[in-house]
Amino acid sequence: MDSNNDGIGDFKGITSKIPYLVELGINAVWISPFFESPNDDSGYDISDYYNVQKEFGTLDDLKEMVDEFHKNGIKVIFDLVANHTSSKHRWFQEAIKSKDNPYRDYYYWFDKPPFDWKSNFGGSAFEYSPETGQYYLHSFAVSQPDLNWTNPKVREEMKKVIDFWVDFGVDGFRCDVLDNIAKDWEKGLMSNGPKFHEYVHEIFGRDKTKNLYLIGECWSANEDILCDLISEERGELTASFLGGNVIYIDWNNNKISPNYEDIHTYFSKYQILAQNNNLIFPPFFENHDRNRSVSSLANDQDLRYESATFFATLLYTSFGTPFILQGEEFGTTNSYHKNIDEFNDVSCINFYKENKNVLDNHELMDKVNFLSRDHGRRPMVWDNSVNFGFNKGATPWLALHSRGKEINLENDLKKEKSIFNFYKEIINFRNSSKALIYGEYNDLTTSENYYKFSREYEDEKYIIICNYDKPSLVDIPINGKKVFSNYPLNQSNNFAPFEIAIYEI
Ligand code: GLC
Ligand code: CA
């Protein structure tokens, strides 16, 4: 929400929408990075960890926002980007000057690339720096040099950053690509090196940080690493996103997983893993790096309501802490654009540049539209006023949603079948049920057409049936009463596409 009509969303804008979030019923927000940055990678390239980008407001505005959230019982999590800085950061600007600069060892330098590592955003992960004739490592964009975590000074700096924001009043961090901070030089791997746990414990296993909610982004961590990382005894993290390879955009093959069997696997495997190891599972479909789930995984046309509510029910009946992305709560779809100027995501712009002379324009733009992380980043579509209510008419920083006229919050709320209202109800339902929050999970699936599971706590028990995209005859619990559904509450076992139902046993 852009409060001062300069085209850019800002802290005051968010603050003005807190009542909306209260109404939705959520109890914590994660806000992606707003620190000083040249914005090559939407703020994940930080040039000053202690300041905020002027466009978003001042530190006082940020403080006001955090306080206002707290007054409303909502916790606030910031993004901690610890693996890399912006190349515009003072440390890097110093480091490139000479091999004996005091900041040189804040980054990794090589006479020649030691591995053929690829950057996550295309091209080699090593970039030549002409000032000193050496290469530096960047796991992401060229302008995001990796910090050298083997250097104790870097770890000290990061502790200072964390402590500054803890004193500011933040409740926790979402730790960006955390498994990348420790490389495995011996095995030639870019993440999960032998020192990973040691580093995480060093920064977070302290008194100052012990009450924070810390959620890692650790896609390449295997189950053993995850169990260590988030077990309570070790003083590392509270939770970690799991199963990135199950629901993820595959850039190289230009495809999006999953199919419905993958969704079943994702929800079942990680709930069981979490349950057996006393971990927290954060189920999610969307974030700022992904497509909109109704478009990529279901039906964003005539069954948009059914698709969105199907996903909502999966999330809020899970054992764990569900995460949703702005707009997901009223079924925002992907947005389609013909011109590359209407995109901002560095990874899709790199893809465009690399393939400009390879693919014909039509195919190229189809892929860009399919893969772009901008689907999760476009300005919110609040209503039917100018710029869909994002601001008062100034050109927004990123092109508005192509279906904003049809799909916006105001239109959703006018409908009898409102996705937002469904979200409110399922969140409320969950919050009032110990079985859904703490209850044991059991996978009862017997068919490849639908997913069936139970949640149980003391004498409270639910069986949940989630039918995939085709009509099917499902096995309904004989002793169960249908108490919640995205279709009428009858006892039929003939389920329509994306029909879900919660049975009280
Ligand atoms: C994470 C962020 C993504 C960012 C990348 C590099 O994956 O979610 O948006 O581009 O890290 O910081
Ligand atoms: Ca603004």
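None of the values given here were measured: they were computed from a predicted structure. (Residues numbered from 1 in each chain as written. Chains lettered and ligands numbered in written order. Predicted model: local features only at pLDDT ≥ 70, side-chain atom pairs only at ≥ 80, totals over all residues. Heavy atoms only, no water.)

Caption draft 1: Structural view of the overall build of the protein chain. Along the backbone of the protein chain there are 15 helices and 19 strands. Computed over the C-alpha atoms, the radius of gyration of the protein chain is 23 Å, within 12% of the 23 Å expected from 2.2 N^0.38 for a compact globule of 505 residues. With respect to the three principal axes, the spread of C-alpha positions in the protein chain is 75 × 50 × 50 Å. A buried classification covers 59% of the 505 residues belonging to the protein chain. A fraction of 64% describes how many contacts in the protein chain between residues 6 or more apart in sequence connect residues 24 or more apart. When the accessible area of the protein chain is evaluated, it comes to approximately 21200 Å², of which 48% is carbon and sulfur surface. Taking the average location of the 52 positive side-chain charges in the protein chain and that of its 78 negative ones, the two points are 2 Å from each other. (Helix = DSSP H or I, 4+ residues; strand = E, 2+ residues; numbered from the N terminus. Rg over C-alpha atoms; globule rule 2.2 N^0.38 Å. Buried < 20%, exposed > 50% of the residue type's maximum accessible area, 1.4 Å probe, protein only. Contact = heavy atoms within 4.5 Å. Areas by Shrake-Rupley, 256 points an atom, 1.4 Å probe, with all protein chains shown as cover. Lys, Arg positive; Asp, Glu negative; His and termini not counted. Charge placed at Lys NZ, Arg CZ, Asp CG, Glu CD.)

Caption draft 2: Structural view of the pattern of salt bridges. For the coordinates displayed, the defined rule picks out 34 salt bridges. Glutamate 156 serves as the salt-bridge partner of lysine 159, at 3.0 Å between the closest nitrogen and oxygen. Taken together, the residues lysine 159 and glutamate 156, both in helix 5 (residues 152–168) and 3 residues apart, mark about one turn of the helix. Assessed through its relative accessible area of 13%, lysine 159 is described here as buried. Since its relative accessible area comes to 40%, glutamate 156 is described here as partly exposed. Lysine 461 serves as the salt-bridge partner of glutamate 456, at 3.9 Å between the closest nitrogen and oxygen. One salt-bridge network, in which partners are shared between bridges, spans Asp41, Asp289, Asp345, Arg373 and Arg377. (Salt bridge = Lys/Arg side-chain N within 4 Å of Asp/Glu carboxyl O.)

Caption draft 3: Representation of the sheet that holds strand 8 (residues 172–175) in the model. Strand order in the open sheet formed by 5 strands is 1-4-8-9-10, with parallel pairing between adjacent strands. Looking along the sheet, the strands with just one partner apiece sit at the ends: strand 1 (28–31) and strand 10 (239–241). Going across the sheet, the axis of each strand differs from the next one's by a mean of 25 degrees, ignoring polarity. Here helix 3 (residues 59–71) sits on the sheet and contacts strand 1 and strand 4 (75–80); the angle it forms with strand 4, its principal contact strand, is near 140 degrees. (Pairing = 2+ DSSP bridges. Axes fitted to C-alpha atoms, helices over the stretch in contact; angles between N-to-C directions.)

Caption draft 4: A look at the packing of aromatic side chains. Evaluated as defined, the whole model comprises 55 aromatic pairs. Seen from their ring centres, tyrosine 438 and tyrosine 457 are 6.0 Å apart, and the 45 degrees between their planes marks the pair as tilted. With tyrosine 438 in helix 15 (residues 434–438) and tyrosine 457 in strand 14 (residues 450–457), the pair connects residues that are 19 residues apart, well separated along the chain. Taken together, the aromatic side chains of Tyr260, Tyr266, Phe267, Tyr270, Phe281, Phe285, Phe310, Phe311, Tyr468 and Phe498 make up a single cluster linked through ring pairs. One residue, arginine 104, lies across the ring of tryptophan 109, its end atom 3.6 Å from the ring centre. (Phe/Tyr/Trp six-rings, centres within 6.5 Å; stacked < 30°, edge-to-face > 60°. Lys NZ or Arg CZ within 6 Å of the ring centre and 35° of its normal.)

Caption draft 5: Examining the site of ligand 1 more closely. Not every one of the 14 residues close to ligand 1 is listed here, only the nearest: Asp41, Arg174, Asp176, His288 and Asp289. A distance of 2.9 Å is found between an oxygen atom of ligand 1 and a side-chain nitrogen or oxygen belonging to histidine 84. Between ligand 1 and arginine 373 there is a distance of 2.9 Å, counted from an oxygen atom to a side-chain nitrogen or oxygen. Here the shell around ligand 1 is built from residues that sort into 4 nonpolar, 3 polar and 7 charged. (Near = heavy atom within 4 Å. Polar contact = N/O pair within 3.5 Å; in protein donor to acceptor, adjacent residues only side chain to side chain. Nonpolar A, V, L, I, M, F, W, Y, C, P; charged D, E, K, R; others polar.)

Caption draft 6: Just the coordination of the calcium ion (ligand 2), in detail. For the calcium ion (ligand 2), the full set of protein donor atoms is Asp2 (OD), Asn4 (OD1), Asp6 (OD), Ile8 (O) and Asp10 (OD), and the range of their distances to it is 2.2 to 2.4 Å. Binding-site remark: the calcium ion (ligand 2) is held by donors from one chain whose sequence spacing is D-x1-N-x1-D-x1-I-x1-D. You can call aspartate 2 buried: its relative accessible area is 2%. (Donors = N, O, S within 2.8 Å, 3.2 Å for Na, K, Ca; no water.)

Caption draft 7: The state of the cysteines, seen in detail. All chains considered together, the criterion is met by 0 disulfides. In this structure cysteine 175 is not part of a disulfide, and its nearest cysteine sulfur, from cysteine 218, lies 7.8 Å away. For cysteine 175, a relative accessible area of 0% translates into the label buried. (Disulfide = S-S within 2.5 Å.)

Geometric descriptors of this kind do not, in isolation, establish any biological role.
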